[in-house]
Amino acid sequence: MIPAAFDYVRPSTVDEAVAALVAGGEDAKVLGGGQSLMPVLRLRMGAPSVLVDCSRIDELKGISDAGGAIVIGAGVTHDDVEKSALVREHVALLAKVTATVADRQIRHRGTLGGALAHADPAGDQPGTALALGATFTIAGPAGRRTVPASEFFVDYFTTAVGPDEVLVSVSFPKHAGWGAHYERFNRTAQAWAIVGAAATVRMDGGTIAEARVALTNMGPSPVRATTVEAALVGVSTLAGIAAAAAHAADGTRPTGDIHADPEYREHLARVLTRRAVAAAAGI
Amino acid sequence: MTEVVDTPTAFGRPIRRKEDAKLLHGRTNWTDNIQLPGTLHMAMVRSPMAHARIAKVDVTAALARPGVIAAYSAADLGELNSGVPCVWPVSGDDTVMPPFPALATDKVRHVGDVVAVVLATSAAAAEDAIESVDVEYEALPAVVGMLDALSPGSALVHDQATNNTCYVYDLGGGYDEAAAKADVIVKRRFVNQRLIPSFMEPRAVVAAPMGMSDEMTIWTSTQIPHVLRVLLTLVTGIPEQNLRVVAPDVGGGFGGKLQIYREEILALQLARKLGRPVKWTETRSENMVATHHGRDQIQDIELAATKDGTFLGLKVTLLANMGAYLGIITPGTPLLGMFMFPGIYKMDAYQFRCTGVFTNTTQTDAYRGAGRPEATFAIERIVDELAAELGIEPMELRRRNWITHEEFPYTTVAGLTYDTGNYEAATAKALDMFGYDELRAEQKRRREAGDPVQLGIGISTFTEMCGLAPSRTLGALKYAAGGWEHCTIRLLPTGKAELVTGTSPHGQGHETAWSQIASSIIGIPVEDIDVVHGDTGRAPYGMDTYGSRSLAVGGQAIKKAADRLVENARLIAAHQLECAPEDLEFVEGTFKVKGDPEKATPIQAVAWAAFSAHNLPDGVEPMISGAATVDPEDFSYPHGTHLAAMEVDTETGKVRLRKYVCVDDVGIQVNPMIVEGQVHGGVAQGVGQALYEGAEYDPDGNLLTASLADYLIPSAADLPTFETGTTVTPSTTHSLGTKGVGEAGAIASTPAIINGIVDALRPLGVTDVLMPASPQNVWRAIQAAKGGAA
Ligand SMILES: Cc1cc2nc3c(=O)[nH]c(=O)nc-3n(C[C@H](O)[C@H](O)[C@H](O)COP(=O)(O)OP(=O)(O)OC[C@H]3O[C@@H](n4cnc5c(N)ncnc54)[C@H](O)[C@@H]3O)c2cc1C
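### Some words on the domain arrangement of chain A
Residues and elements named next belong to chain A.
Stage number 1. In terms of domain boundaries, chain A breaks down into domain 1 (7-53), domain 2 (58-173) and domain 3 (182-281).
Stage number 2. The C-alpha centroid of domain 3 is placed 21 Å from the C-alpha centroid of domain 2.
Stage number 3. Listed as interface residues are 20 residues of domain 2 and, on the opposing side, 21 residues of domain 3.
Stage number 4. Surface buried jointly by domain 2 and domain 3 totals about 1700 Å² across both partners, of which 64% is contributed by carbon and sulfur atoms.
Stage number 5. At the junction of domain 2 with domain 3, the criterion picks out one salt bridge.
Stage number 6. Between Asp124 and Arg184 there is a salt bridge, with its nearest N and O atoms 3.0 Å apart.
Stage number 7. Scanning the region where domain 2 abuts domain 3 turns up five residue pairs in polar contact (both at pLDDT 80 or more).
Stage number 8. For the side of domain 2 that touches domain 3, the secondary structure elements donating two or more residues are helix 5 (92-98), helix 8 (125-131) and strand 8 (153-155).
Stage number 9. A breakdown of the residues in the side of domain 2 that touches domain 3 according to their chemical character gives 12 nonpolar, four polar and four charged.

What follows is the structure in structure tokens.
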């Protein structure tokens, strides 16, 4: 449980961080809150030559209102995301999902950027970023670029962030007034989600006008249940929600492990989606 | 809740544990905190394969790494590569007892088996260097499941044997005749899954030569310093008088530290060979594959009864997984449950057979309850199944068959004599606390409404055997050692006392409870008594802590030693007070002349007189102490009634333990708060087995649950507040009337939980769920029942 030796640098700007990554070459790694990376190092499943600690870069820290969107720095901790009044008002689903991540200690260290860049299939937040249409600002040797969520998550633990790049911030379009709920299915309180269904809906009277539905751990990368979203428009009954949720597992490729085989995960996706949408819609 | 009892002495009071301030403030002396100059850190090269021939082990490259001082394969170690001993060969000559070398020689036999060892000047350097040890394996087919292991043509875990059977052990008989008279026979196959004892403090060991002397000291996180000393002497040849074993503060054990481990042997041998301290602390990942596992039985159970529910006979056929090697009591562990399958019930016939099976998995051995949880699970589950078959309310069926309180002492069909018990009283209290009738009414409502969340009520009316053990019984079972316990109490000049015990606590609160017992007899305050334990240099005699024996056996030694101390003090007090010893009464620490209360002396003053020795009666030696070694007359038999209300989400299979009530009868209680704590922890662990825990291997013998992210242990967030109560039926075979409580919760709770889940789902056709009753396992059971009905 002792990592192999590595070098350590702690830049104070994004440019310095990128320079350190370039200098470090292929094996350099960004260190955010360390809650996913350090276990990997301790188990010697990875042995980077240099860690570029981005935890003291001011630019990665803030949460701001950018008019139509809320912009969250990659280095903002889960705890700060969860408690932010801006996030709670405009991106309620993200606040709810983040509150379920791990335990309090980990939420005080782990960061939104780290969780999204890590892209664990069982991670709670990537699906929400996808379903809400977030955009990602990434800095690299060639300058900055923005990437839509639909192109950000590539595969198991793989995103659009290159080895010499730093995720700077994530911009979430405002969804003020939308109902939101996350159904997270796990075996013990502190365990990772076996499956999760995150739903946020805009109601028009008693009817669903718009819906966004994301699934956790239903494939190598997060899933947006677009068929369900479409089928929910105009629905105002539990039966209608159930009919829409029956499509939740369509097109997914969940894995099997000791906690759940693919068939059971698909079943859970349908049940949890129904429950999440019903709770978000207040139906 | 702890009931507050007003007692004249400290005995019986729920006083706070003395040891907790130290634990809570981090002033503990864990083995890993021990820093000796010149220490070498040891790291293990472990097999990634479950079964392979070792073609080559070359440590040359590791020796060249920075900080590395030594590295050895089995061949390099030669004669120092001692074997791990098994002290319980159960059926004598018939048991296959394969060698268990500290470093594997010809083959590796489970993932985590050790092929080489590296010693370096830092733990980091040692861990870096193990990657440079060059090992070539030739893979062999892995023998993983017990049924596969026993099928003809299976690969062999041990080449010298002709099959993978370790032993076959039989007890009892006459089942067929009993079954012939039966109206109904229920048969079930239960799987009592493999568990990993997950104590908080991982194993750790420091071994060191002591200066220029011949003495070697080994500090190790163990439950059994005394037994370990004998075994280490036998396997290393270090003379017993030169070997000191210390168990410093030990952070939990649950049976997992009732072992002699290869890492302990290696640390000791290498410290002696290199003349330097050697230290090793296991990582959690190592713990999962290298600390012994528990349980792992396939149980074929048959219960024969009349149609009014009278039990006639019980047949138990077990396969017990030994794993790849035999640890200290691997073969004997399932047999500790052998006597307990009939539980609290009367019947005419009992027939038991256990087959020990070798597989390419980590060795099994004792884990909290050791044999008795498996037995209790089987009987309490099959009784529920019979109740369903006969349409008799499950508690009523138990009532019709249990031993009533007038019938004690009662000799069971398994041959044990239960001294006392009152199952009626414990059950009545539990039913009342639980609100049994209201919950049954709610269950009915939910069933009728077709509620997706169904309610089930789980019952477990258990007994167990504590207080290992009468030495003669152990001898008859072919266990190598005895089951006595020792205590010495020394009165110090200033009127304080040292109580030297042979028990070895690792979280149980002995320091407090033992002080309470001694205080109540010798009359000095609890805080004036220091309990000395866990160090063969300071507490030379003992049999250590396991099998709920410490109070049941060790407590009797404390009482006897304290009584003797008082008698020794009485001689001096009488001399001081100028009367005959028998004219003195001893009340709350003061000797008083009967009929003349003015003439009195506190025991503290007597202690000083014994120290100064200026004026002692003729023939009385200076200083006062009392010592006793007690071999228990019999086991003790705690019992209780545990009730669980289980909510089952039939859509997802997820279960929720809504309410848990238990009433335990552990006899006389020395400290009710400690009793409550033991019950809480035990119940949590038993719920862990029922719902969360389970070591799983893939077909190649890789442990899939190799970290605490996959091997799930419940936390406080997953459990309700347990409602505990007690009844008190004193044991008549133990001088304090106590019985033992260390394992009761873990033994009783698992079947209560599973019975509750099956009770909730029985209308759907479910008759069993696999443990752990994970959502997927419950959902699959529901799907299978639906499929069967369609
Ligand atoms: C016991 C435990 C339980 C957990 N349970 C959950 C859970 O239930 N649900 C859940 O979603 N998560 C869980 N987590 C993970 C937690 O949420 C982590 O905080 C998160 O995954 C990673 O964030 P971090 O800031 O710690 O990133 P780090 O561990 O520092 O880094 C993770 C990865 O992201 C990269 N990275 C980090 N920041 C940046 C950046 N700014 N730019 C580019 N790359 C970057 C790193 O190089 C690394 O590859 C758990 C973690 C632990 C230890």
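Still more ground to cover, so stick around.
### Some remarks on the layout of surface pockets
Empty space among the atoms can be located by rolling a probe the size of a water molecule over them.
Residue and element names in this part refer to chain B.
Stage number 1. As a volume, the second largest pocket reaches approximately 750 Å³.
Stage number 2. Contributing to the lining of the second largest pocket are 32 residues, with Val191, Gln193, Ala695, Glu696 and Tyr697 lying nearest its centre.
Stage number 3. Among the secondary structure elements, those contributing two or more residues to the lining of the second largest pocket are helix 5 (146-150), strand 8 (184-195), strand 13 (294-305) and helix 20 (775-789).
Stage number 4. For the lining of the second largest pocket, the residue count by class is 15 nonpolar, 11 polar and six charged.

### Some points on the sheet that holds strand 1 (residues 7-9) of chain A
Residue and element names in this part refer to chain A.
Stage number 1. Pairing in this open sheet of three strands is parallel, and the strands run 1-3-2 from one edge to the other. The outermost strands of the open sheet, each flanked by one partner alone, are strand 1 and strand 2 (28-31). Averaged over all pairs of adjacent strands, the angle between strand axes in this sheet comes to 25 degrees, irrespective of strand direction.

### Details of the packing of aromatic side chains
The relation between two aromatic rings is expressed through the spacing of the ring centres and the mutual angle of the planes.
Stage number 1. Within this structure, the stated rule accounts for 17 aromatic pairs over all chains.
Stage number 2. Measuring from ring centre to ring centre gives 5.0 Å for Phe152(A) and Phe153(A), while their planes differ by 85 degrees; the resulting arrangement is edge-to-face.
Stage number 3. Taking the centre distance of 5.9 Å and the plane angle of 45 degrees together, the rings of Phe341(B) and Phe352(B) count as tilted. Of this pair, Phe341(B) sits in the loop between strand 14 (311-323) and strand 15 (349-358) while Phe352(B) sits in strand 15; the two residues are 11 residues apart in sequence, bridging distant segments of the chain.
Stage number 4. By relative accessible area, Phe352(B) is classed as buried at 1%.
Stage number 5. Three or more aromatic residues joined by ring pairs make a cluster, and in this case those are Phe136(A), Phe152(A) and Phe153(A).
Stage number 6. Over the aromatic face of Tyr261(B) sits the side chain of Arg203(B), whose NZ or CZ is 3.8 Å from the ring centroid.

### Notes on the packing of helix 10 (residues 372-390) of chain B against helix 19 (residues 744-761) of chain B
Helices that pack against each other are described as a pair by the angle of their axes relative to one another and the distance between those axes.
All names here are of chain B.
Stage number 1. Direction vectors running N to C along helix 10 and helix 19 enclose 30 degrees, while the axes themselves pass 8 Å from each other. The orientation of helix 10 relative to helix 19 falls into the category roughly parallel. Considering how the two elements wind past one another, helix 10 and helix 19 form a crossing that is right-handed. Note on element contacts: helix 19 touches helix 10 through Ala746, Ile747, Thr750, Pro751, Ile754, Asn755 and Val758, opposite Arg372, Pro373, Thr376, Phe377, Glu380, Arg381, Asp384 and Glu385.
Stage number 2. Split into classes, the residues belonging to the contact of helix 10 with helix 19 amount to seven nonpolar, three polar and five charged.

### Overview of a nonpolar patch on the surface
Stage number 1. The grouping of Trp608(B), Phe611(B) and Met623(B) at the surface amounts to a nonpolar patch, some 320 Å² of accessible area in total.
Stage number 2. Tracing the sequence through the fold places Phe611(B) in helix 17 (residues 603-612).

### Some thoughts on the interface of chain A and chain B
Accessible area lost on assembly of the parts is the figure often given for the size of an interface.
Stage number 1. Facing the 23 residues of chain A at the interface are 30 residues of chain B.
Stage number 2. Summed over both partners, the interface of chain A with chain B comes to about 2300 Å²; 51% of that surface belongs to carbon and sulfur atoms.
Stage number 3. By the criterion of area lost to chain B, the three top residues of chain A are Arg44(A), Arg187(A) and Ile258(A), representing 30% of everything that side buries.
Stage number 4. Applying the counting rule to chain A against chain B returns eight salt bridges.

### Focus on the pairing of strand 12 (residues 195-204) of chain A
Residue and element names in this part refer to chain A.
Stage number 1. The element strand 12 is extensively covered by neighbouring structure, given that seven of its 10 residues are classed as buried.
Stage number 2. Here strand 11 (residues 179-185) runs beside strand 12; their pairing, made up of seven bridges, is antiparallel. Bridging from a neighbouring strand, Arg184 pairs with Gly196 of strand 12.
Stage number 3. Looking at chain direction, strand 12 and strand 13 (residues 207-216) are connected through nine bridges and run antiparallel. Its bridge partner being in strand 13, Arg202 is matched across the sheet by Glu210.
Stage number 4. Connecting strand 12 to the next strand, strand 13, in antiparallel fashion are two residues, including Gly205 with a positive phi near 65 degrees.

Quick notes on the rules
Residues numbered from 1 in each chain as written. Chains lettered and ligands numbered in written order. Predicted model: local features only at pLDDT ≥ 70, side-chain atom pairs only at ≥ 80, totals over all residues. Heavy atoms only, no water. Domains from an automatic or database assignment. Contact = heavy atoms within 4.5 Å. Buried area = accessible area lost by both parts, 1.4 Å probe. Salt bridge = Lys/Arg side-chain N within 4 Å of Asp/Glu carboxyl O. Polar contact = N/O pair within 3.5 Å; in protein donor to acceptor, adjacent residues only side chain to side chain. Helix = DSSP H or I, 4+ residues; strand = E, 2+ residues; numbered from the N terminus. Nonpolar A, V, L, I, M, F, W, Y, C, P; charged D, E, K, R; others polar. 1 Å grid on protein atoms, 1.4 Å probe; cavity = no way out; pocket = protein on both sides within 12 Å on 5 of 7 lines; lining within 4 Å. Points joined across faces, edges and corners; volume = space filled by probe spheres on them. Pairing = 2+ DSSP bridges. Axes fitted to C-alpha atoms, helices over the stretch in contact; angles between N-to-C directions. Phe/Tyr/Trp six-rings, centres within 6.5 Å; stacked < 30°, edge-to-face > 60°. Buried < 20%, exposed > 50% of the residue type's maximum accessible area, 1.4 Å probe, protein only. Lys NZ or Arg CZ within 6 Å of the ring centre and 35° of its normal. Parallel < 35°, antiparallel > 145°, perpendicular 65-115°, else oblique. Left-handed = near helix turned anticlockwise from the far one by under 90°. Patch = residues over 30% accessible without salt bridge, like charges linked within 9 Å, V, L, I, M, F, W, Y side chains within 5 Å. Areas by Shrake-Rupley, 256 points an atom, 1.4 Å probe, with all protein chains shown as cover.

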